[in-house]
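Examination of the molecular architecture
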Amino acid sequence: RINWVLQLFGVVGPYQQGVAWFAAWAPHVAHFGAADNLGVLFAAAIDAGGPEGEEVFQILCASGRNEHEVGGMGRHVTRALLSASRPDGWQFVENLLLAAQREEGLRQTILETVDEAHPQAFRRMLKLILDQNLARFSATVRAFDTWLGYQWDAVSAGVVNKTIEKMLLYLEDATARETALKGKDAEQVYLALWSQAFDDAVAVVPPATELLKHASAEHRFVAAHLLDQLHLVASQRSLLIPLEDEDFRVTSRALLGFQHGADPRVKKADLFERLEKLL
């Protein structure tokens, strides 16, 4: 949150304007990451309601349709409408996605923001991708790479659709998720962990940490992969455990979690001790 505020200052600082003005001028004063930061601000304004919130919503919709005299389409539009709590905003973005056709850039912009959207908007978008077979587009595959860290280069639409079906199942059915966590298929274990983390990242740290003791190296690997993705202090502490794993694939995956330096709240002495044992 602190980083968001600091980055936001860099965009809004030079201008003495209200949030509606920024909704219109966002494509001219902010790009990429800065546009995302503004999108979060716009989502908050929309959810706050009142005349200002409605004005921001209408400006963004007009910008998305390229009908606004100043505004235009960009990540600030998709980020705001998908993050806010208005289903009509989600529907607007869904319509944009369906209308994209051969516009891979637009499709990519939408899909790369949807995993950080409102939880229900994300579920709706998964269903839309499945129902409309949008997995046939390369931007959809790339989005899944971003969401899951799968590093797919090229896979069939059938593979993507099966993954979506499992994600939806685990997002909506806690019993199915628990069954998968106890199963033998490491990929399903990972998808179950990921789905639980999507709604509550903190709650998934204990079961993921417990899986670091699993007899299967594949299970330990996906647990380490998920813990690194969380970027939490508790999850990074857990990553100290697989630094002593007997399988170097698991150890190397855990090391990636420390490649940019450990969180200052993780004891450096513990990290160095495990690295010395590894060496």
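An account of the accompanying structure is given in this report. (Residues numbered from 1 in each chain as written. Predicted model: local features only at pLDDT ≥ 70, side-chain atom pairs only at ≥ 80, totals over all residues. Heavy atoms only, no water.)

Attention now moves to the pattern of salt bridges. On inspection of all chains with the given rule, the structure shows 17 salt bridges. For the salt bridge of R142 with E112, the shortest nitrogen-to-oxygen distance reads 1.9 Å. A residue pair is termed long-range when its members are at least 10 positions apart, and R142 in helix α9 (residues 138-148) and E112 in helix α7 (residues 104-114) qualify at 30 residues. For R142, a relative accessible area of 42% translates into the label partly exposed. Residue classification places E112 among the buried residues on the basis of a relative accessible area of 15%. (Salt bridge = Lys/Arg side-chain N within 4 Å of Asp/Glu carboxyl O. Helix = DSSP H or I, 4+ residues; strand = E, 2+ residues; numbered from the N terminus. Buried < 20%, exposed > 50% of the residue type's maximum accessible area, 1.4 Å probe, protein only.)

Turning to the packing of aromatic side chains, a few remarks are in order. Going through the model one piece at a time under the given rule, you end up with ten aromatic pairs. Taking 5.3 Å as the distance between ring centres and 40° as the angle between the ring planes, the aromatic pair formed by Y15 and W21 counts as tilted. Through a chain of ring-to-ring contacts, three or more aromatic side chains come together here, namely F122, F144, W147, W194 and F198. In this arrangement the basic side chain of R86 is found over the ring face of F57, its NZ or CZ atom lying 3.6 Å from the centre. The ring of F137 carries R107 above its face, with NZ or CZ at 3.6 Å from the centroid. (Phe/Tyr/Trp six-rings, centres within 6.5 Å; stacked < 30°, edge-to-face > 60°. Lys NZ or Arg CZ within 6 Å of the ring centre and 35° of its normal.)

Formed by 89 residues in total, the largest nonpolar core has its most connected members in F42, M125 and W147. Counting residues per element, this core draws most heavily on helix α12 (residues 186-199), at nine residues. Excluding residues within four positions of it along the chain, W147 makes contact with L111, V114, D115, F122, L126, I129, W194 and Q229. (Core = buried A, V, L, I, M, F, W, Y, C linked by side-chain atoms within 4.5 Å. Contact = heavy atoms within 4.5 Å.)

When helix α16 (residues 248-256) is considered as a whole, its buried residues turn out to be V250, T251, R253 and A254. All buried residues of α16 project into a common sector of 165° when viewed along the axis, lining one side. (Arc of directions from axis to C-beta.)

Let's shift gears to helix α4 (residues 50-64). Its 15 residues give α4 an end-to-end C-alpha distance of 21 Å, which sits within 8% of 21 Å, the value for a rise of 1.5 Å per residue. Residues G53, V56, F57, I59, L60, C61, A62, S63 and G64 constitute the buried set of α4. Buried residues belonging to α4 abut α2 (19-29), α3 (33-48), α5 (75-83) and α6 (87-99). Where α4 terminates, the next one or two residues include N66, which has phi positive at roughly 60°. (Expected span 1.5 Å × (residues − 1).)

With that settled, the discussion passes to the side chain of R107. Structurally, R107 is set in helix α7. Excluding anything up to four places from it in sequence, R107 contacts L97, A100, Q101, R102, F137, A139 and T140.

This paragraph deals with unusual backbone geometry. Although it is not a glycine, N66 adopts a positive phi angle of roughly 60°. Residue class for N66 comes out exposed when judged on its relative accessible area of 59%.

Take it as geometry only, folks, not as evidence of what the structure does.
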